[in-house]
Amino acid sequence: MAATADSLSGPRRRHLEALAREVEARGLHGVLIGTDEPMLRVVDPAGGRSVMVLAMPTSRIAWSYLWGRAGQADAADPARAAEAIARSLGR
């Protein structure tokens, strides 16, 4: 059975919420945008730069975060992803 947007929105939101907590802990702002297929807007308040982050399933049980030109991280480790996002914003 193929996954639908409805069946993915709950896990997607949970992954993005976990990442939002981690980016906030690093002095960045994370804002969830959208309801059915949410994204996370991460803003560096000091530099004004921002990036949109998606959470996408990569298998039946694994998810990844995707952002910017080539940003990608395993959603099982939101702390590591937050560090990579902070670096991509010049932190």
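Small disclaimer: the values here were computed from a predicted structure and weren't measured.

1. Regarding the sheet that holds strand 5 (residues 71–74)
Now for step 1: The 5 strands are arranged 1-2-3-4-5 in an open sheet whose pairing can be described as antiparallel. A single partner strand is all that each edge strand has here, and the edge strands are strand 1 (29–33) and strand 5. Averaged over all adjacent pairs, the angle separating strand axes in this sheet is 25°, with direction ignored.
Now for step 2: Of the pairings in the sheet, the one linking strand 3 (residues 50–57) to strand 4 (residues 63–67) comprises 5 bridges and is antiparallel in character. If you follow Leu54 over to strand 4, its bridge partner there is Leu66.
Now for step 3: Against the sheet, helix 2 (residues 78–88) engages strand 2 (39–43), strand 3, strand 4 and strand 5, with an angle of about 10° to strand 4.

2. So, the confidence of the model for the protein
Now for step 1: Looking at the protein, the pLDDT average stands at 92 and 92% of residues meet or exceed 70.
Now for step 2: Model confidence for the protein, summarised as mean pLDDT per element, is weakest for helix 1 (residues 5–25) at 89 and strongest for strand 2 at 98.

3. Some thoughts on a nonpolar patch on the surface
Now for step 1: A cluster of nonpolar side chains, namely Val31, Ile33 and Met52, defines an oily patch on the protein surface of about 220 Å² accessible area.
Now for step 2: Relative to the assigned elements, Val31 resides in strand 1.

Rules and cut-offs
- Residues numbered from 1 in each chain as written.
- Predicted model: local features only at pLDDT ≥ 70, side-chain atom pairs only at ≥ 80, totals over all residues.
- Heavy atoms only, no water.
- Pairing = 2+ DSSP bridges.
- Helix = DSSP H or I, 4+ residues; strand = E, 2+ residues; numbered from the N terminus.
- Axes fitted to C-alpha atoms, helices over the stretch in contact; angles between N-to-C directions.
- Contact = heavy atoms within 4.5 Å.
- pLDDT = per-residue confidence, 0-100.
- Patch = residues over 30% accessible without salt bridge, like charges linked within 9 Å, V, L, I, M, F, W, Y side chains within 5 Å.
- Areas by Shrake-Rupley, 256 points an atom, 1.4 Å probe, with all protein chains shown as cover.
- Salt bridge = Lys/Arg side-chain N within 4 Å of Asp/Glu carboxyl O.

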